[in-house]
Amino acid sequence: MTPASSSVSRLVPVAATTVVFLLGFLICALTFPNFASLRVVMNLLTDNAFLGIVAVGMTFVIISGGIDLSVGSVIGFSTIFLALAIERWGIPPFAAFALLLVICALFGAAMGAAIEFFALPPFIVTLAGMFLARGTAFLLSTDSIPITADLYGHLSDHAIRLSGGARLTVPAMAMLAVVAAGMVLLHLTRFGANVYALGGSRQSAGLMGISVGRTTVLIYTLSSVLAGLSGIVFSLYTSSGYSLSGVGVELDAIAAVVIGGTLLSGGYGFVFGTFVGVLIQGLIQTYINFDGTLSSWWAKIATGLLLFGFIGFQQFTLHMARRPRRRATTGSAAANAAGAAS
Amino acid sequence: MTVKLPRIGTAQILALAAILAINGFVSPQFFDIRLQDGRLFGSLIDVLNRGAPVAILSLGMVLVIAMRGIDLSVGAVMAICGAIAASLADDHSLVVTLAAALGAGLACGLWNGFLVAVLGIQPIVATLILMVAGRGIAQLITEGRIVTFTDPGLAFLGGGSVLGVPTPVVIALAMLALTLIVVRGTALGLMIEATGGNPRASALAGIGTRLITLAVYMWSGLCAAIAGVVAAADILGADANNAGLWLELDAILAVVIGGTSLFGGRFSVVLAVVGALIIQAMNTGILLSGFPPEMNLVVKAVVVLVVLLAQSPRLASLGLIFSRRRS
Amino acid sequence: MAAPHADQPSAAAGSARPASGAPLLELTGFSKSFGPFTALDAVSLTLRAGEIHALLGENGAGKSTLIKTMTGVVQRDAGVMRLEGVPVMPRSAGEATAAGLATVYQEVNLAPNLTVAQNLFLGRQPTFLGIVREREMRRRARAVLADFDLDIDVSAPLESYSVAIRHIVAIARAVDQSARVLILDEPTASLDAHEVEVLFAVMRKLAARGIGIIFVTHFLDQVYAICDRITVLRNGRLAGTGTIAEMPRMTLVRTMLGRELAEATAERHERADLSAAPELVRLEGFGKAGYVAPFDLTLRRGAVVGLAGLLGSGRTETARLVFGAERADSGSATLDGRPVALTGPREALTLGFGYCPEERKTEGIVADLTVRENIVLALQARRGVLKPLSRAEQDEIAKRFIRLLDIRPPDPERPIGLLSGGNQQKALLARWLATQPRLLILDEPTRGIDVGAHAEIIALIRTLCAEGMALLVVSSELEEIVTYADEVIVLRDRAHVASLTGAAITVPAILAAIAEDGEATANAA
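Since we're looking at a predicted model, the values are computed, not measured.

## As for the overall build of chain B
Along the backbone of chain B there are 14 helices and 6 strands. The C-alpha radius of gyration computed for chain B amounts to 20 Å, which stays within 12% of the reference 20 Å derived for 327 residues, consistent with globular compactness. The C-alpha extent of chain B, read off along each of the three principal axes, is 70 × 55 × 35 Å. For chain B, the proportion of contacts with a sequence separation of at least 24, taken over those separated by at least 6, is 78%.

## Thoughts on the nonpolar core
Counting residues in hydrophobic clusters, the biggest one holds 407 residues, and the most contacted among them are A:Val54 and B:Ile80. The greatest single-element share of this core, amounting to 17 residues, is contributed by helix α10 (residues 209–235) of chain B. Non-local contacts of B:Ile80, meaning those with residues more than four positions away in its chain, are made with B:Ala104, B:Cys108, B:Gly134, B:Ile137, B:Ala138, B:Ile141 and B:Gly228.

## Things to note about the interface of chain C and chain B
Interface size, as often reported, equals the accessible area lost upon joining of the parts. Contacts between the two partners involve 24 residues from chain C and, on the opposite side, 20 residues from chain B. At the level of elements, α11 (345–351), α12 (360–364) and α13 (371–383) of chain C are the ones that each hand at least two residues to the side of chain C that touches chain B. No other element matches α13(C), which puts 6 residues into the side of chain C that touches chain B. Considering only residue class, the side of chain C that touches chain B consists of 15 nonpolar, 3 polar and 6 charged.

## A look at the sheet that holds strand β17 (residues 338–340) of chain C
Residue and element names in this part refer to chain C. The strand order across the open sheet built from 4 strands is β14-β13-β16-β17, with neighbouring strands paired in antiparallel fashion. Looking at which strands have only one partner, the edges of the open sheet turn out to be β14 (292–300) and β17. Taking the axes of each pair of neighbouring strands and ignoring which way they run, one obtains an average angle of 20 degrees across the sheet. Here strand β13 (residues 279–288) pairs with β14 via 6 bridges, running antiparallel. What sits directly across from Val 281, in β14, is Leu 299.

## What to know about the packing of helix α9 (residues 170–188) of chain A against helix α10 (residues 190–200) of chain A
Residues and elements named next belong to chain A. Closest axis-to-axis distance for the α9/α10 pair is 5 Å, and the angle between their directions is 70 degrees. As the angle between them shows, α9 and α10 are arranged roughly perpendicular. Contact residues: α9 offers Leu 185, Leu 186, His 187 and Leu 188, while α10 offers Phe 191, Gly 192 and Val 195. Its residues placed into classes, the contact of α9 with α10 shows 5 nonpolar, 2 polar and no charged.

Scoring rules and cut-offs
Residues numbered from 1 in each chain as written. Chains lettered and ligands numbered in written order. Predicted model: local features only at pLDDT ≥ 70, side-chain atom pairs only at ≥ 80, totals over all residues. Helix = DSSP H or I, 4+ residues; strand = E, 2+ residues; numbered from the N terminus. Rg over C-alpha atoms; globule rule 2.2 N^0.38 Å. Contact = placed C-beta atoms within 7 Å. Core = buried A, V, L, I, M, F, W, Y, C linked by C-beta atoms within 7 Å. Buried ≥ 20, exposed ≤ 12 C-beta atoms within 10 Å, placed from the backbone. Nonpolar A, V, L, I, M, F, W, Y, C, P; charged D, E, K, R; others polar. Pairing = 2+ DSSP bridges. Axes fitted to C-alpha atoms, helices over the stretch in contact; angles between N-to-C directions. Parallel < 35°, antiparallel > 145°, perpendicular 65-115°, else oblique.

Here is the structure:
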C-alpha cells in the first residue's frame, strides 16, 4: 500500500456511508413520488437534530477510545430541568440554558476525571453516570411538563423559509452549527489531534508530552455539554420536558458513529461520517413513515444490519491492512518479548 | 501478614444482610411470610421472585465477563424469546414452545460468540449489534402488539409454585445448580478463569480458547432465553418494547457487585446471584420505605460508584501509600 | 518515497568522527533496586558529544532500567547525571525531553493514526486563532525531514510508512525538540538491511552535528559498523567499557556473557552417543519468513539439545516454531517417523510436547490462580473440558510436584503470582511434567531465579533426560548448557549457524561461533 493510497483509504468508510445514504435516498425518491423535495430533506434535519448533536460528542469520545453511555439520560435530565427551571422556578430561558450547560459540563468533567484518575473503564463509569442522570431526572419530576415560555413559541416559529414550503428550523440550524464546529474542533485544532493521538495509543500520547488526563476530562465534558445542548433542542422540538425523553439515544448515537465509519476501538473517524450516519438512520425512519404499511421495528432491524455490515467491513479492512505487514510485526513482537526483560 | 483475609464473598453477603435488615427496619412486615393457596407470600419472597430474571441473566453474564467479554444483548434476547414463547404457547405443546424459545436464545448466543471468537470483533461492539436489532426482531415476531396467551403450562412458569415456592425462584435455583454443575463439575470453570486471567498463557497451555468463548456466549444466550420465558410467563404475554429493557445493565451490575472483575479472571456464580438479590432487595426496600421509586436509579448509581472505587487498582495503591505514610 | 542515501561508507564510521574530549553526558553511581532485586548497581557511563555509544548486555543486564532511570520514567535510588557539567534529574519523559534527553523506543512511541506532520509537531503545532496552520505545519515538517534526506508525503498517516521511516520521524521529532542526547532503544530489531543503512546514515549525520547517541542493539555487526565506543552491562553492573578497537568481537562476547576462557573448561556429564539415541522429532527445512531462517533439527529421546546465541538471534523463535506457538511456513516435521503438522499449542499438547516460555509473567503463569490450578492446567487442557480432574487428583498432582520440585511455600492454594520467580518457574515445569511429555522445550529455564533453584532445575533437566525425555533448552548461561547438552546449536541473526556435538561442546567453541570468529572455532575444535 503506498502512502498516498492509504491516506485516501481512510476516507473509504465515510465514502461508503455517503454512497449508502445517496443510494437510500435514490431508492426512496424512486419509490415515493413526493420524496425528492427540499422539504423532506429539511424535515430530516429537524427530526434528527438532537441525535446529530449528541452523535458529534460521541464521535470525539469514541475516537479517543472511550464510550459514553450517559448521553441519553443527560438529555432526559436536561429537558425536565429546563421545564422546571422555566415553568416552576421562573428562571429566564437563556439563563436556564446557561445553567444547564454548566451542570452538564461539571457532570462530564467528573466522569472524565473518574475514568482518568481511578483508571476505570469508561463503559462502567458512564453507566453509573447514566443511572445518576436518569435517576436525578426522575427525582425532579416524573410528569411531562409543557414549556409555554414565549421564547419557545418564538424559536419554534422561527425558521428560514425555503422554496416549496421547506423550513430550516432552529434545531436543524443548531445541529448544522454543531457539526461544523465539531469538524473544525476535531480536524483543525491541537485538541482534535490530541483526541486522535489518545485513540491511537494512550501510552504513546503520554510519552509525546500530551496531557492525557486533561484531554480525557475535556472529551467527556464536551460530550455531556453537547448532550445538554441536545436536551435543549429536544425540549424546543417537543415544547416540553419529560424525564423519560432520550431513552436509548446513546445507542442511536453510537450506531450513527459506527455507521459513519468511526472505528469503535478508537483512533479513526470523521464528524462528517457521523452526520451522514445520523441522516441514514433518519432516512430509514422516513422511508417507513412514507410507506405507511411498514412497521417501526424494521428501523431497528435495518439499523442492526447496517451496524453489522459496517463493523464487518471495518474488520475486513483492518485484517487486510495488517496482512502485508505481518512479517515485520511478528518479528518485532518476538523481539519485544525477548527485549522486555532486559 | 497476621490478619486472616476474610473469606471471599463476606462483603456481598454482609451487604445483602444489611439491606434486608434495613428493609425490615423501614417495613416491619418485611420478614413476614405466609402460606396462602399453597404458595408462599411476603416481601422476602417477592425479592426472590422479582429478582429471578436478573439472577438468571447474571448466571450467563458472569461467565462472559470472566472471559474478559461482555454481553449487551441479553435484554433484547429476552424480548425475542419471550415473544416466541408467547406467540407459540396457545397453538403448540409446551415442549415445542420451550424448545423454540430456548433454541432461539442459543442461536443468538452462537451469533455473538461467532462475532467475538471467529471474526475477532471486540465483545462490546459485537453484542451491540444484537442489542439494537434484537428488539426490532422481537417486535417483528409480536407484530408490535402485546401478545397474550392463556396456556396454563407456560403460565405456570411465571405464576405457579412448587411446594409453595414461586416457579421463577425454582427455575433460578435450578439454573444456578445447573450452571454450577456445568462450570465446576467439568473443567470449564478452571479454563474460563485461566483464559480470562491470562489469555496468552492459557492458549500456550493448550486450552481451546475459541471454543470456550463460543460456549460461554451460547450459555449467556440460553440464560437470557430462560429469563425471557419466565418474564413473559409472569405477565401472561410478551411486550417486545419493554421485556428485559435495560436488564443487561442490571445483570452486568450484579456480576460486578458479585466481585467478578470486568477485566476477567476469577468469578463466582453464586455471588453474582447474590449481587442480583442485592439489587432487587434495594429496589423493594426503596418501594417499601415510601421513597419515590425514582430513587432507585440514584441509589444504583451510588452502588456502582462504590463498587468501582473498591475495584479501582489506582485507589488501592493510593490507600497503600496513605497507610504507609501514616505508619 | 525517495530513499535517503548513505553517503559515507560504513567502514569509516568509527574513526571518521574523533569525538571531542569534554563529556556531553556523564552518569556516575546509578543504582536501582526493585524490592530485593538489584537491577542497577553503581553503573557509570560517559557519552561524548558526537559519539555513537553502544549500550550492550543480555536480558536482565539492566539496559532498560538504566535508560528508564536516565529519562525519569523510573526514579533511581542513587546516582548523579550531568549534562554538559550541569546536574539534571528529570522526573518524567516530558522533563527529560525538555532537558535535551530524548528516547526513541523500538516500538516507536508515536501516534500511528496521525499524519507524519501531526506526529512531528503534536502538542506544538503552529496555530492561528486556535486553528492549526496545516500548510505551515507541513512546510515545516518537510523542512525538518529534508534534513534527514527524507522526502515523503507528510500529510499521509504515519502507519502507512515502514518501521524505518517511523523511526526517523521519531528521531526527527526528538531532534527538532532540541535533543542533545539521543537514546535509541533497539531501533534496528525489526528493520531489514537496507533500512538499517538508512537509519545509520541519519545517526552519522546527527553525530556529526555534535549530538551524542546511545545505541542499544543486539546485533554485533551493527556495533562495529557504526559505534565509537561500547559499554557493556551484566547483571546490573558495569562489565566493561572501551572503544571498538579495545573490544574486538571475542572480548565483547566474553564481556557480555561473563566467561573467562580459563573457567570454560567446565566439567560436563557423560554424553550419550547421540546417533545411538532413538530419534523422536525430525524437522527439515523448518522456518518462517522474517522470523527464523529454515533449519534442520533432530531431537532424540534422552538427549538435550541446547540453543545458544545472543539475545534476538532466533533462539526463542526456534523454540516457538517447534511448539507451534508460531506457525512455520516452510519445512516438514516427523514424530517417530510419521509426518505431523505443528499447527498450534493444542496439537503440540496432544503430540506430547511441552513448552515453558521465557516470559513467565505474560505467557506462563495465570497470576490470580493458585499453584494447584496452574500446575494442572495443561494436563486438564489435554484431557478436555468433560474429563475434569477431581479435586483429590488435583491435590495429589500438586502436592507431588510441590514435593518433587521443592516449590516454596509448599501451599498449593496460594495464588502463584505471590511466589518468587524461581518457584513460579518450578510450578510451570510441573505444569508440563504433569502431562508426561515426550519433548520438553524450555526457554531460559534458569533466568531470574536464585542460585539454589538454578542448581535444582539443572539437576532436574539431567534427571528428565536420563528418564528418556527429549529436551530442547534455550539458555544464555553457557556453562550450564555445556554441562547438560548433547548437542548445541548456535544461532546468529535469526539463523542456525553452527552445531556442536560431543567433545566439541565447550564454552570457547560456543563463544567463537556466536562471535563468528573462525580462528577461535578452529582452535577450540
